[in-house]
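Single-letter residue listing:
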Amino acid sequence: MAFTERPTSTDAVAPRLSLWRLVWPARVPGHFRRTARVPWIPIAIISVIVVMAVFAPLLAPYSPIDQTLRDKLLPPAWMAGGSDKYLLGTDAFGRDILSRLIYGARVSLMVALLALTAGGGVGLAIGIVAGYVGGAVDSVLMRLVDAAFTFPAILFALLLAVTMGQGLGTLVIAISLLLWASFARVIRGEVLSLRQRDFVALARVRGCSAPRIMLTHILPNVLNTFMVLVTLNIGVVIIAEATLSFLGAGIPPPTPTWGLMISEGRGRIADAWWVALIPGIAITLMVLSVNLFGDWLRDRLDPRLRQL
Amino acid sequence: MKRYIARRLMQGAILLCMVATIVFFLGRLTGNPVDLMLPEDATPEDRAALTQTLGLDGPILDQFAIFVGKAVHGDLGMSIRMKQPAVEAFFDRLPNTLSLIPWAILLGMMLGIPLGVVAALHRGSFLDRAAGTVAVLGIAMPSFWLGILLIFVFSVELGWLPSGRMGGPAHYVLPVFTLATFLVAGFMRITRSAMLEVMESEFVKLARIKGLSEAVVIWKHCLRNALIPVLTLWGVFVGNLITGAIVTETVFAWPGIGRLTYEAVIYRDFPLLQAVIILKSILILSINLGVDILYAYVDPRIRVT
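Procedures and definitions
Residues numbered from 1 in each chain as written. Chains lettered and ligands numbered in written order. Predicted model: local features only at pLDDT ≥ 70, side-chain atom pairs only at ≥ 80, totals over all residues. Contact = placed C-beta atoms within 7 Å. Helix = DSSP H or I, 4+ residues; strand = E, 2+ residues; numbered from the N terminus. Nonpolar A, V, L, I, M, F, W, Y, C, P; charged D, E, K, R; others polar. Buried ≥ 20, exposed ≤ 12 C-beta atoms within 10 Å, placed from the backbone.

Draft legend 1. Examining the interface of chain A and chain B more closely. Contact with chain A, which involves 35 residues of that partner, is made by 40 residues of chain B. Elements supplying a minimum of two residues to the side of chain A that touches chain B: helix H5 (135-150), helix H6 (153-164), helix H9 (210-246) and helix H11 (273-301) of chain A. When grouped by side-chain class, the residues that make up the side of chain A that touches chain B number 26 nonpolar, eight polar and one charged.

The structure is reproduced here in structure tokens:
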């Protein structure tokens with residue numbers, strides 16, 4: 001459903017929905033604000049992490065890779081034996097955990113961006129084609145979607161890492177495999193109902209070709225749903241990336257990623273808990289914030305998706 | 001009913017062929033499969049022998065035929081690291097995983113279903129929101145990290161429970177809890193939404209009119225019907241459990257098939273990984289088939305669609 005086709009409210013001046021209105025809902029005098037509260041805290045956390053990722057070289061106090069073995073396994077600054085030089089302590093190679101955390105945000109967000117573009121894009125295309133064309137194409141594509149749901153994508157991700165070698169490309173392909181099916185299923189459902197609408201019939205009567213209808217009439221109307229799906233899946237991607245890194249199938253060391261940091265700290269849990277536990281807190285905070293933000297965005301843009 | 005089962009079996013067979021094909025071609029994708037199949041210090045004679053048995057000097061379709069022929073006879077290659085047939089390694093480890101999973105499912109249901117019922121009964125209340133928060137947090141925490149956190153708290157700091165490996169009942173506590181977190185949120189959300197739907201229905205009103213106690217209405221009439229959707233999502237849960245077992249067994253050094261998968265990855269043991277993936281696929285497909293048949297038996301409407 002496009003912005004302009006939402007059922008207009010009964011207010012005298014129905015406010016046009018703009019991006020700004022999303023963040024700051026209009027208050028109509030005498031009415032309660034109709035929408036859920038804006039999740040400021042999650043937005044703040046997401047912003048901090050995005051800023052960390054973008055300006056990593058400026059913000060990180062040390063190199064995330066260079067080793068200073070003299071300073072290895074120092075606890076965070078607030079603990080006994082901690083040094084002011086390393087706010088969150090150091091790992092077994094004397095690398096600053098804060099710096100690695102900041103650079104790790106880069107990897108997480110980059111993978112999320114690429115995988116959501118690739119996997120989400122494929123899912124979007126398949127969903128539109130399956131929903132609009134229908135018939136045999138639809139049933140074949142939906143069988144594929146069912147098959148993708150049956151198999152844990154992690155198995156293929158591990159297989160890819162072993163056969164193609166670890167790296168950003170492999171990781172993005174693997175995570176896209178995890179995503180496309182759920183996108184395709186939801187988008188198809190949306191397209192099925194759009195196809196019945198008058199403006200599509202009109203376009204067909206005017207002689208628009210099927211590709212043209214899909215691109216110029218269907219696509220803009222499913223973009224809202226697509227955006228909501230993208231937001232709701234950022235958390236899925238971050239967890240998947242961390243899990244694959246943890247299992248030795250992510251981006252290879254020494255590039256700092258949050259999952260790899262946890263994996264490296266695992267063996268040291270008895271004497272240096274901060275190495276493994278701090279990156280996990282970062283992941284949890286990030287995923288929690290993104291999910292809360294996504295829930296709110298869904299309620300604002302497309303409440304029907306709530307059943308998912 | 002017979003037609004339904006036959007169709008399901010066909011679908012399962014097609015899927016299995018797809019998996020085998022993907023595994024086969026991915027193994028051939030990167031140059032010489034001999035490099036993937038043999039350890040780095042293999043002698044030229046070994047390499048020549050393997051090239052011969054895999055038919056690598058022939059066309060790729062012949063190679064595929066050889067691969068399928070061997071696979072049908074249960075030969076999926078020798079594990080590089082364990083020096084034993086990969087299929088054998090899988091079945092050696094399978095019982096250890098099977099001893100873990102029922103407890104995890106039980107715990108997941110015991111936590112998830114009552115939470116879902118309570119959340120549905122007090123919809124929108126503090127309890128509902130608290131249950132929702134638990135679910136959201138459960139999804140946001142990477143489970144391998146949760147496992148490490150549990151080890152830190154209960155093994156390192158408190159010293160109450162062992163941190164890994166198989167052993168007596170105490171060894172089960174942390175892995176079962178970690179594995180169950182993969183299921184709790186799912187069980188809770190489905191139960192909650194199914195309960196909300198069932199509580200509106202006519203037969204529940206009738207049960208109330210009959211004067212049955214609220215407890216009987218909720219826990220017997222409502223919950224029994226709300227559990228049907230839980231069954232439909234079984235396939236998703238099986239997938240979660242497979243993923244969960246890999247992560248949990250890795251964290252707790254549990255010698256099951258999940259840990260075997262991890263070892264195959266970090267030691268780059270391609271024959272083993274290939275066997276693990278194909279056998280796990282068979283496992284998943286059989287479970288799904290069984291559940292589908294059971295479901296069609298419970299709910300006759302399914303057979304028609």
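Draft legend 2. Here's a closer look at the environment of Ile-49 of chain A. Residues and elements named next belong to chain A. Relative to the helices and strands, Ile-49 is located in helix H2 (residues 40-54). Looking at Ile-49, the number of C-beta atoms within 10 Å reads 21, which means it is buried. Distance in space between the C-alpha atoms of Ile-49 and Ala-105 is 6.6 Å, their sequence separation being 56 residues. With residues near it in sequence (within four places) discarded, Ile-49 still touches Ala-105 and Met-286.

Draft legend 3. Representation of the environment of Leu-177 of chain A within the structure. All names here are of chain A. Note on placement: Leu-177 falls in helix H7 (residues 168-195). Look at Leu-177 and you get buried, because 20 C-beta atoms sit within 10 Å. Distance in space between the C-alpha atoms of Leu-177 and Gly-120 is 9.7 Å, their sequence separation being 57 residues. The contacts of Leu-177, once residues within four sequence positions are left out, are Ala-153 and Phe-156.

Draft legend 4. The environment of Phe-144 of chain B, seen in detail. Following the sequence through the fold, Phe-144 of chain B ends up in helix H8 (residues 143-157). Apart from residues lying up to four places away in sequence, Phe-144 of chain B is in contact with Thr-243, Phe-246 and Ile-262 of chain A together with Val-247 and Val-251 of chain B.

Draft legend 5. Region of the structure containing helix H13 (residues 257-266) of chain B. Of all the ten residues making up H13 of chain B, nine are buried; the element is thus mostly covered by neighbouring parts of the structure. If you check which residues of H13 of chain B are buried, you get Ile-257, Gly-258, Arg-259, Leu-260, Thr-261, Tyr-262, Glu-263, Ala-264 and Val-265 of chain B. Contact partners of the buried residues in H13 of chain B: H6 of chain A together with helix H5 (86-98), helix H12 (234-251) and helix H14 (270-298) of chain B. At the exit of H13 of chain B stands Arg-268 of chain B, carrying a positive phi of roughly 55 degrees.

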